[in-house]
Amino acid sequence: MHPLLRISEEVGDALAEQRPVVALESTVIAHGLPYPGNVETALAIEKAVRESGAVPATVGLDGGRFTVGMSADDMERFALGTDVPKVSSRDVGGVLAAGGPGATTVASSLVAADLAGIPFFSTAGIGGVHRGAAESFDVSADLVQFTRSKVAVVCAGAKSILDLRATLEYLETLGVPVIGYRFDDFPAFYCRSSGLRVPRRIDDLGDVARAVRMHWAAGLPGGPLITAPIDEEHALDGDLMEGVIEDALRAAEADGVRGPAATPYLMKAVSRATEGRSAAANREVLISTARLAGHLAVAYAAGSDADGRAAA
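First things first, this report covers the structure right here in the doc. Small disclaimer: the values here were computed from a predicted structure and weren't measured.

**A look at the overall build of the chain**
At step 1: Along its length, the chain carries 13 helices and eleven strands.
At step 2: What you see for the chain is a C-alpha radius of gyration of 18 Å, in line with the 20 Å of a compact globule of 312 residues.
At step 3: Along the first, second and third principal axes, the C-alpha atoms of the chain reach 65 × 40 × 35 Å.
At step 4: Considering only intrachain contacts with a sequence separation of at least 6, the fraction spanning at least 24 residues in the chain is 74%.
At step 5: On the chain, roughly 13700 Å² of surface is accessible, and the fraction owed to carbon and sulfur atoms is 51%.
At step 6: Placing the 28 positive and 40 negative side-chain charges of the chain at their respective mean positions leaves the two points 2 Å apart.

**Things to note about the side chain of Thr 123**
At step 1: Note on placement: Thr 123 falls in the loop between β7 (120–122) and α7 (133–136).
At step 2: According to the relative accessible area criterion, Thr 123 is buried, its value standing at 3%.
At step 3: Looking at Thr 123, its side chain comes within polar contact range of the side chain of Glu 25, at 2.5 Å.
At step 4: Ignoring anything within four residues of it in the chain, the contact list for Thr 123 reads Glu 25, Val 106, Val 153, Val 154, Cys 155, Ala 156, Leu 286 and Thr 289.

**Remarks on helix α3 (residues 37–51)**
Side chains that are three or four residues apart share a direction in an α-helix, a result of its 3.6 residues per turn.
At step 1: Taking 1.5 Å per residue as the helical rise, α3 with its 15 residues ought to reach 21 Å, and the 21 Å between its terminal C-alpha atoms agrees with that figure.
At step 2: Those residues of α3 not exposed but buried are Gly 37, Asn 38, Val 39, Thr 41, Ala 42, Ala 44, Ile 45, Glu 46, Ala 48 and Val 49.
At step 3: After α3 finishes, the residue Gly 53 shows a positive phi value of roughly 100°.

**Some points on the layout of surface pockets**
At step 1: Each pocket or cavity is described by its volume, and for the largest pocket that value is around 1300 Å³.
At step 2: Thr 27, Lys 86, Lys 159, Thr 263 and Pro 264 are, among the 42 residues lining the largest pocket, the residues nearest its centre.
At step 3: Across the lining of the largest pocket, the residue classes tally to 16 nonpolar, 17 polar and nine charged.

**Side note on the nonpolar core**
At step 1: Membership of the largest hydrophobic core comes to 101 residues, with the highest contact counts inside it found for Phe 66, Phe 146, Tyr 190, Leu 225 and Ile 226.
At step 2: At eleven residues, the largest contribution of residues to this core is made by helix α13 (residues 277–311).

**Some remarks on empty space enclosed by the protein**
At step 1: Taken as a whole, this structure holds one cavity of 30 Å³ or more when the rule is applied.
At step 2: If you add up the space inside the largest cavity, you get close to 80 Å³.
At step 3: Along the walls of the largest cavity sit Leu 24, Glu 25, Val 28, Ala 42, Ile 45, Thr 58, Ser 122, Thr 123, Leu 286 and Ala 290, which together make up its complete lining.
At step 4: When contributions to the lining of the largest cavity are tallied by element, the ones reaching two or more residues are α3 and α13.

**Structural notes on the packing of aromatic side chains**
At step 1: In total, this model carries three aromatic pairs according to the counting rule given.
At step 2: Seen in terms of ring centroids, Phe 120 and Tyr 300 are 5.2 Å apart; in terms of plane orientation they differ by 75°. Their pairing is edge-to-face. Of this pair, Phe 120 sits in strand β7 while Tyr 300 is found in helix α13, placing the two residues 180 residues apart along the sequence. Tyr 300 matches Phe 120 in its accessibility class, with the two residues each being buried.
At step 3: With 4.7 Å between their ring centres and 40° between their planes, Phe 189 and Tyr 190 make a pair best called tilted. We note that Phe 189, like Tyr 190, is buried.
At step 4: Among the aromatic residues, those joined into a cluster by ring pairs are Phe 120, Trp 216 and Tyr 300.
At step 5: Positioned over the ring face of Phe 189 is Lys 159, at 5.9 Å from the centre of the ring.
At step 6: Against the face of Tyr 300 rests Arg 213, its NZ or CZ located 4.7 Å from the ring centre.

What counts, and where the lines are drawn
Residues numbered from 1 in each chain as written. Predicted model: local features only at pLDDT ≥ 70, side-chain atom pairs only at ≥ 80, totals over all residues. Heavy atoms only, no water. Helix = DSSP H or I, 4+ residues; strand = E, 2+ residues; numbered from the N terminus. Rg over C-alpha atoms; globule rule 2.2 N^0.38 Å. Contact = heavy atoms within 4.5 Å. Areas by Shrake-Rupley, 256 points an atom, 1.4 Å probe, with all protein chains shown as cover. Lys, Arg positive; Asp, Glu negative; His and termini not counted. Charge placed at Lys NZ, Arg CZ, Asp CG, Glu CD. Buried < 20%, exposed > 50% of the residue type's maximum accessible area, 1.4 Å probe, protein only. Polar contact = N/O pair within 3.5 Å; in protein donor to acceptor, adjacent residues only side chain to side chain. Expected span 1.5 Å × (residues − 1). 1 Å grid on protein atoms, 1.4 Å probe; cavity = no way out; pocket = protein on both sides within 12 Å on 5 of 7 lines; lining within 4 Å. Points joined across faces, edges and corners; volume = space filled by probe spheres on them. Nonpolar A, V, L, I, M, F, W, Y, C, P; charged D, E, K, R; others polar. Core = buried A, V, L, I, M, F, W, Y, C linked by side-chain atoms within 4.5 Å. Phe/Tyr/Trp six-rings, centres within 6.5 Å; stacked < 30°, edge-to-face > 60°. Lys NZ or Arg CZ within 6 Å of the ring centre and 35° of its normal.

Any functional reading would require information that these geometric values do not contain.
This is how it looks when you write it as structure tokens:
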């Protein structure tokens, strides 16, 4: 085991036995919904992974190491703590050195998953290219980390507050494969479609798993991005959300909010404007993508077993 990892017994046993595992972030606990909704959501996400046949591994930083497989007590402490910072990949070294707690984002969760040998990670919506990035150069670290960590990411596209066309273009430039599972369009977080097509659609989970395996067999870096939209009954109207987001962007500009503070500011503004409907949709898409990631991890593990038997 890597010296910077503290792996729970459940996750460690699953990895040792080559059973399917899905990594999950902890930002949703420390910087998501108010308590106790944050813990309830985190546990619901883990339940969805288990119901799919995989083992959940929620990631955090604590005591100078990554915790891979947070306990219920860990989650309570992160949920109630007032000094648990959001930690992206650039922050990992400093937080580990200080020994303090830290809630992982997509990018830092991928660092931990890669160290632990977990091939799949689930989130609701990835970060990406921010609107106005031509002037601000504001691009999420998530995109670059996709090229560095040998982990496939399952998500509902990118957050609606972003420039989704530019995000897809940047993913293409980085060489990150984007696969739409049973859906032609790139999803927009709590909206089913961004109006943009994914480069490749695959309808069978076994075929998706093989595409992930072939990406790595070819020696390519990072991992593919697998997208699936929020369920129809929980989705928000795209045109309505665009107006809400434009209002939130103007408010952020007026308040001088930029950089890392922009995303949480905008997400809270959108939640207020939708009277909590966007927060509810966020919860639902976290659960649905976790379930899909679990099923994909199971299909990947089954394919690996088959490959091993064929080789023998």
